[in-house]
Amino acid sequence: MNTIINAGRHDIVVTNDFGSIINDMLHHKDAGNRSIFVIADEHTQLHCLPLLSGFLPATFHLIVIKPGEINKNLQTCQAVWEQLLEKGADRNALVINLGGGMVTDLGGFVAATYKRGIHFVNIPTSLLGMVDASCGGKTGVDLNHYKNMIGLFSFPEKVIVDPVFLKTLPDNEWKNGVAEIIKHGLIADTQILEVLKNEIKNNRSDNLTISLKEIIVDMIEKAIQVKAAIVEKDPFEKNERMFLNLGHTVGHALETLSLSQDEIALSHGEAIATGMICELHLSMKLSGFPHDDLSTISSIISDFFPLRKIRDAAFQELIHIIKADKKSSDGAINCVLLRKVGEPVIFKNISADLLLESFHFYNSVQK
Ligand code: GLY
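No experiment lies behind these values; they were computed from the predicted model shown.

Criteria and thresholds
Residues numbered from 1 in each chain as written. Predicted model: local features only at pLDDT ≥ 70, side-chain atom pairs only at ≥ 80, totals over all residues. Heavy atoms only, no water. Helix = DSSP H or I, 4+ residues; strand = E, 2+ residues; numbered from the N terminus. Expected span 1.5 Å × (residues − 1). Buried < 20%, exposed > 50% of the residue type's maximum accessible area, 1.4 Å probe, protein only. Axes fitted to C-alpha atoms, helices over the stretch in contact; angles between N-to-C directions. Parallel < 35°, antiparallel > 145°, perpendicular 65-115°, else oblique. Left-handed = near helix turned anticlockwise from the far one by under 90°. Contact = heavy atoms within 4.5 Å. Nonpolar A, V, L, I, M, F, W, Y, C, P; charged D, E, K, R; others polar. Near = heavy atom within 4 Å. Polar contact = N/O pair within 3.5 Å; in protein donor to acceptor, adjacent residues only side chain to side chain. Areas by Shrake-Rupley, 256 points an atom, 1.4 Å probe, with all protein chains shown as cover. Arc of directions from axis to C-beta. Salt bridge = Lys/Arg side-chain N within 4 Å of Asp/Glu carboxyl O.

Draft legend 1. Structural detail: helix α10 (residues 248-261). An ideal rise of 1.5 Å per residue puts 20 Å on 14 residues; α10 measures up with 19 Å between its terminal C-alpha atoms. Taken across its 14 residues, α10 has twelve buried, putting it largely inside the fold. Three or more residues of α10 are buried, namely His248, Thr249, Val250, Gly251, His252, Ala253, Leu254, Glu255, Thr256, Leu257, Ser258 and Leu259.

Draft legend 2. Spotlight on the packing of helix α13 (residues 315-324) against helix α14 (residues 352-364). The interhelical angle for the contact between α13 and α14, taken along N-to-C directions, is 125°, at an axis separation of 11 Å. Classified by the angle their axes make, α13 and α14 are oblique. Our pair here, α13 against α14, has a crossing hand that is right-handed. Along the contact surface, α13 presents Phe315, Gln316, Leu318, Ile319 and Ile322, while α14 presents Ala352, Leu355, Leu356, Phe359, His360 and Asn363. The residue makeup of the contact of α13 with α14, split by class, is eight nonpolar, three polar and no charged.

Draft legend 3. View of the site of the ligand. All residues in the neighbourhood of the ligand are listed as Asp132, Lys138, Lys227, Glu237, Arg241 and Leu244. At 3.1 Å, a side-chain N or O of Asp132 approaches a nitrogen atom of the ligand. For the ligand, whose unbound accessible area comes to 200 Å², protein coverage reaches 89%. Class assignment for the residues of the shell around the ligand results in one nonpolar, no polar and five charged.

Draft legend 4. α13, seen in detail. All of the buried residues in α13 are Phe315, Leu318, Ile319, Ile321 and Ile322. Buried positions in α13, seen along its axis, are confined to an arc of 165° and lie on one side of it. Of the exposed residues in α13, the ones pointing more than 90 degrees away from its buried face are Gln316 and His320. Buried residues along α13 sit against β8 (146-153), α10, β10 (333-340) and α14.

Draft legend 5. Broad picture of the pattern of salt bridges. One pass over the structure, following the stated rule, counts 18 salt bridges. Salt-bridge contacts for Glu157 lead to Arg34; the nearest nitrogen and oxygen are separated by 2.9 Å. With Glu157 in the loop between β8 and β9 (158-161) and Arg34 in the loop between α1 (18-27) and β3 (36-41), this pair connects stretches of sequence that are 123 residues apart. Among the charged side chains, a network of salt bridges with common partners joins Glu69, Lys72, Asp105, Asp142, Lys147 and Glu255.

Below is the structure:
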């Protein structure tokens, strides 16, 4: 069964039969005779391309990039642009981005800028990509570890979400996606949070059980609907799209610092989970978020993600990075907070002292 979700400037098809969607797309009467370029990373080349390639014309071109956030940069873009040129991509060419958020962010950016923009389709293969990164037209790359500093809004022709691609996804990647599903629950859908609360409580283990994975897969559509409704109203993040940044003011700063310092960098999910706990603490201080909800939700998140404490020595550097983030303006720290679950609010000019307090709170709830 296919569900088509309207995100304003593009549709997202949630399906158990991605092949038929690709067939319809490639053989549509307006599709013309365009050349097809698949951008994959080394993992999705191995695990996901074999599922896709049979539905593509034999003449499709493959461009493989190195995986991981560390390679989400302009050097990788340059290599992809060069291959597009060498392989003869013209302005009618179609790029299919097959991968997680790194591939769809970078591949979307490459397509949006090559010859002033060619069409692209996203086929997210990670949970995070399905519920967040592949939808809504944010494309871009990192600059010297600063996340997503270079980029533009450019909307995919279509996003095709099929959970079949999750079969080979490692557990830590599932957790990255769950962090974003929790975020969508916190900002807009109390039901998502209720289900997760109960299921996570019953599955306190580092290895995700098959039944928990099935429940998570069932929530993909709901989580996408939360994002699509927001993006439809505010595609260019002037107002309510900012709500999707809950947990990301602190989370992106932690990721930036970790990418530059840690041997094993924090995953996006860990960073956002940490960010959400800090920002819920700020919400309790500044926007009336109930104390009881802060305790319950912090402990659910901490149970699900084995989180690292924030080193005291990193506190000031984090504040510095947060001030440089594109969500801040004129050095003032802005952040999405919650009045209660389902009621986000943008708060401006948050003091560094309160942020420091939130880091201490976060550390106090980690084992
Ligand atoms: N990941 C947040 C957004 O797309 O706006």
